[in-house]
Every structure is written in C-alpha cells, then in structure tokens.
Amino acid sequence: MSSDSNIYVTQPNLPKLEDFVDLLKVIWDRKILTNGGPFHQQLEQALAEHLGVRHLALLTNGTIALVTALQALRIQGEVITTPYSFVATAHSLLWNGLEPVFADIDPHTCNLDPERIEAAITPRTTAIMPVHCYGNPCDVQAIQRIADTYGLKVIYDAAHAFGVQHRGTSLLNFGDLSVLSFHATKVYNTIEGGAIVCPDAKTKQRIDFLKNFGFADEVTVMAPGINGKLNEVQAAFGLLQLREVDAAIARRSEIAARYREALADIEGLALLPLPSDTTPNHSYMPLRVQAGFPLGRDALYQRLREQQVFSRRYFYPLISDMPMYRGLASAQPANLPVARQVAAEILCLPIYPALTDAQQQRVIDAIRSCCR
Ligand code: T4K
C-alpha cells in the first residue's frame, strides 16, 4: 500500500485555498500582521457569536491559554485536576508554580469524579481544573456545587469541547473560565491557536493585557504577561474555517454513528456512552478494549498499525506517571485506580470529516479481523 493509504487518528480541515489567498491579499494590503489586528477582532466576535458565549479572547495555542487563564484568576497553591488528559493540562499548573493534586475519574465519562474532587480538597486548594475529555461534559453542576461550598474557582480545560451544547447552552458557559484549543488536530482549527471564554468584559480585558506582555497602555505594564497573541494570517484562516465547522461536525456525527453500529456486537469492545442532554461534537472516537476481546489494547493498536491504521492511545500514559508528577502524593497508583484502568484500555479510532466510507470500512474490517 502507498503512504496515501495511511489512515491517521485525525486529519485537519482546511479552507479553500483560493479563499485563503484572497484574505492573504487583504493582509498584504493592510500590512497589519499581528497585535490584535482587524481579522483577530473579527474572529473573536464571530467565535463568541457562533459558540453562544459572552466574551472570548484568542491566544496562540491552548497551552498558553491555560497558563493565562490561571493567571487571570490569580490562582495560588493547590489545584485539583485529572491525570487522564493531555500533558498540557497539568503542565499549565507547573508553569504557574502551582501544585497539581490529581483526583480519580468516572469510568463512564473519563472525567473527574466529583466525589473524588471533594475528598482531595485541603486548606491550600484554590481551584479545580477539570477537562471535558473527548468533548464529553463533566458533571458541571456537582462541580459548581463543590466550588461554591468551598470557595474555589473552576477553570475548565475545554480543549476538546468546541461547539458542544449541554443542558440548553454552550458547555463553555459553565465554570469561571473555559479554555479551547484550535490546534490542527481539533474539530475547529487555526493551525495553532486557542481561546479563553469568560463571562465578563473586565476579565476579558485582563486576559487581553496578559497575552500582550501585560501592557495596559503604552506605558503601563500591569503584570508579567506573556506573548500569547494570535496573528492575522491564522485569524484569517480561522474565519474561513468557521464557515465549514457545522458541516464538519455533521460528517463526524455520521462517522461516529457508523462505528457504533459496526462495533456494537463485538465482545470485549465498548464505546463510551453518549452523554445525556448534550449535543456532542464527536471530536474523538474512544474505544475501550476489555476482557473478552481476543487481543489486548496494545496488541490491537499494533495490529492496526500493520494495516496502516494509526489509532492513538489518548490518554496513555497517565500524566501522573510522568517524571515531573509521579513523586506527588496524589499521583500514587492507589489514588487513581479508575484512571489507570481506563488508560490501559482506551484506543482512539480515526475520525475526521475527510475520512471516506471506504477508509472507515478498512478500520472496521481490521478490527473485526482480530475476532476470528
Ligand atoms: N488540553 C487538552 C485536553 C488537550 O488535548 C490539548 C492538546 C491541550 C490542552 C493543549 O492545546 P494546544 O496547546 O495543543 O493547542 C496532539 C495535539 O498536538 C494536541 O493539540 C492535542 N491536545 C493532543 C490530544 O493531540 P499529538 O502529539 O498526538 O499530535 P500528532 O502530531 O501526533 O498528530 C496526530 C495525528 O494527526 C497525526 O498522526 C497525523 C495527524 N496530523 C497532525 C498534524 C499536526 C495531520 O494530519 N496534520 C497535522 O498538521 O498531539
């Protein structure tokens, strides 16, 4: 097979090249390349409207957005978070000199278990950083109840949750802040990029200062901010992507439904249940490989690779097993049995709008062939 027949876990959406060239010409004429230019402003407004949120600040990527969100709320001390995520979640805490405290997850959602959050609170806890893993909503009401009781802030890592609706509103409207990633591998991308969603103009202004080195005006620096500005070329790319994103999610939904149908009867394979009261974005297609399936998760991963199907073990290993975290008391395996089990079983299957029916059939056939 040629390398064209490789099937990856995802492939980025791209806007029409001619449309992008047209916008590049506008940038060339204007000679404004960055620092909050017109496309940047236009995209912030368009995204806030599209997502149904009050305020949104664009940043260079999701990781810088997480780091900045923590600074925006002046978080100190300990932050309760999940070991079952991409490393950037916990890294954003270390970059702020904060102590991550890992709590275990719920096996059905792969998100932080509220009971375990409550048990992890100490006098030094100031915030919770849950992740809407795979775009599936956390138990936002229980988490808010805990936050209100103990006076904690909630910053959602919503890197996977673009466009997800929950209980009649955007999932991004829960908590104090929500952070998006617009990386190339995401449902909606600006090549690299990210955003912070916030409920009020004052916090948005603070974030805007922080992402511009802390400049409040030409001569006033209000904090040691960072350079987190998205440039005009990427903002223009993002404006074009926004036209396509609903169709992209609709195609993902078709692919997800077909996987559910095709894999439902295989013993030892389980897809995560669809969340209730939620319109999902199908950003990932996590499959749990359990006892009863003839191969273990890693053997299935290898078998698929041999057939040029590049699934991914998102999220293995656990963040809490990485060298910079494993010494923490909360990182000890006995504290995180569910996360450990899920990380050993999960395999994310290819899902992206350009995946053809024939390619998806190849993935399904490759999995089914292991049952014989
Ligand atoms: N929080 C959470 C929960 C996150 O998942 C992430 C990022 C973040 C925070 C941080 O947000 P950012 O700072 O990244 O905005 C990828 C992404 O780099 C990362 O954004 C993402 N999560 C993570 C889950 O996945 P890798 O190392 O697995 O990506 P990579 O390069 O192996 O790409 C996967 C596949 O996608 C490739 O096999 C082929 C395809 N691909 C990839 C790229 C980059 C393409 O076809 N074209 C491309 O340009 O991390």
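Residues numbered from 1 in each chain as written. Predicted model: local features only at pLDDT ≥ 70, side-chain atom pairs only at ≥ 80, totals over all residues. Heavy atoms only, no water.

Moving on to the nonpolar core. Ranked by size, the top nonpolar core spans 49 residues in total, and within it L43, L47, L56, F162 and L180 carry the most contacts. At the level of elements, α1 (17–30), α2 (38–51), β2 (55–59), α6 (140–150), β6 (153–157), β10 (194–198) and α8 (232–263) are the ones that each hand at least two residues to this core. Looking at this core element by element, the count peaks at eight residues for α8. Those residues in contact with L56 that lie beyond four places of it in its chain are E44, L47, A48, L51, L180, A195, I196, V197 and K204. By size, the runner-up hydrophobic cluster in this structure holds 28 residues, among which are F293, L295, V363 and A366. (Core = buried A, V, L, I, M, F, W, Y, C linked by side-chain atoms within 4.5 Å. Buried < 20%, exposed > 50% of the residue type's maximum accessible area, 1.4 Å probe, protein only. Helix = DSSP H or I, 4+ residues; strand = E, 2+ residues; numbered from the N terminus. Contact = heavy atoms within 4.5 Å.)

Residues A339, V342, A343 and E345 constitute the buried set of helix α10 (residues 337–345). One side of α10 holds all its buried residues, which, seen down the axis, span an arc of 165 degrees. (Arc of directions from axis to C-beta.)

As a further point, take the domain arrangement of the protein chain. Domain annotation of the protein chain identifies domain 1 (17–240) and domain 2 (245–371). A C-alpha centroid distance of 25 Å is found between domain 1 and domain 2. Facing the 39 residues of domain 1 at the interface are 37 residues of domain 2. In total, domain 1 and domain 2 occlude about 3100 Å² of area from one another, counting both sides; carbon and sulfur atoms represent 65% of this. Of all residues in domain 1, F102, Y134 and V187 give up the largest surface area on contact with domain 2, accounting jointly for 23% of the area buried on that side. Connecting domain 1 to domain 2 are 20 residue pairs in polar contact (both at pLDDT 80 or more). Of all elements in the fold, only α4 (88–94), β4 (99–102) and β7 (165–166) reach the threshold of two or more residues within the side of domain 1 that touches domain 2. With four residues, β4 is the largest single contributor of residues to the side of domain 1 that touches domain 2. Of the residues contributing to the side of domain 1 that touches domain 2, the split by class is 21 nonpolar, twelve polar and six charged. (Domains from an automatic or database assignment. Buried area = accessible area lost by both parts, 1.4 Å probe. Polar contact = N/O pair within 3.5 Å; in protein donor to acceptor, adjacent residues only side chain to side chain. Nonpolar A, V, L, I, M, F, W, Y, C, P; charged D, E, K, R; others polar.)

Attention shifts here to the site of the ligand. Taken together, 25 residues sit near the ligand, with Q11, T63, D157, R312 and Y314 positioned nearest. Between H183 and the ligand, the recorded distance is 3.4 Å, taken from a side-chain N or O atom to an oxygen atom. Residue K186 places a side-chain N or O atom 2.8 Å away from a nitrogen atom belonging to the ligand. Protein contact buries 75% of the 930 Å² of open area that the ligand shows by itself. (Near = heavy atom within 4 Å. Areas by Shrake-Rupley, 256 points an atom, 1.4 Å probe, with all protein chains shown as cover.)

Further remarks concern the sheet that holds strand β13 (residues 269–271). Strand order across the open sheet formed by three strands is β13-β15-β17, with antiparallel pairing between neighbours. Of all strands in the sheet, those bounded by a partner on one side alone are β13 and β17 (346–348). Between one strand axis and the next, the sheet turns through 30 degrees on average, direction left out of account. Sheet topology places β13 next to strand β15 (residues 286–289); three bridges connect them, and they run antiparallel. (Pairing = 2+ DSSP bridges. Axes fitted to C-alpha atoms, helices over the stretch in contact; angles between N-to-C directions.)

Right, let's talk about the pattern of salt bridges for a bit. Taken as a whole and assessed by the stated rule, the structure comprises 16 salt bridges. The closest approach of N and O atoms between D19 and R243, which form a salt bridge, is 3.7 Å. Of this pair, D19 sits in helix α1 while R243 sits in helix α8; the two residues are 224 residues apart in sequence, bridging distant segments of the chain. On the basis of relative accessibility, which here comes to 24%, the residue D19 falls in the partly exposed class. One salt bridge connects R313 with D298, and the closest N-O pair in it is separated by 3.2 Å. Of the two residues, R313 is situated in the loop between β16 (309–310) and α10 and D298 in helix α9 (residues 297–306); the sequence distance between them amounts to 15 residues. With a relative accessible area of 24%, R313 lands in the partly exposed category. Connected through salt bridges with shared partners, the residues E44, K204, D208 and K211 form a single ionic network. (Salt bridge = Lys/Arg side-chain N within 4 Å of Asp/Glu carboxyl O.)

This brings us to the pairing of β10. Counted residue by residue, β10 has five buried out of five residues, so it is predominantly covered. Taking every second residue as pointing to the same face, both faces of β10 are buried, with G194, I196 and C198 on one and A195 and V197 on the other. Judged from the five bridges that link them, β2 and β10 form a sheet pairing that is antiparallel. Within β10, the position partnered with L56 by the bridge is V197. For strand β9 (residues 177–181) and β10, the ladder comprises four bridges, and the chain directions are antiparallel. Its bridge partner lying in β10, L180 is registered against A195.

Our focus in this paragraph is the environment of A339. Within the fold, A339 resides in helix α10. Taking relative accessible area as the criterion, A339 reaches 0% and is therefore assigned buried. Counting along the chain gives 241 residues from A339 to L98, while the straight-line C-alpha distance between them is 22 Å.

What follows covers the side chain of S5. As for its position among the elements, S5 is in the segment before β1 (7–8). S5 has contacts with Q308 and R362, leaving out every residue within four places of it along the chain.

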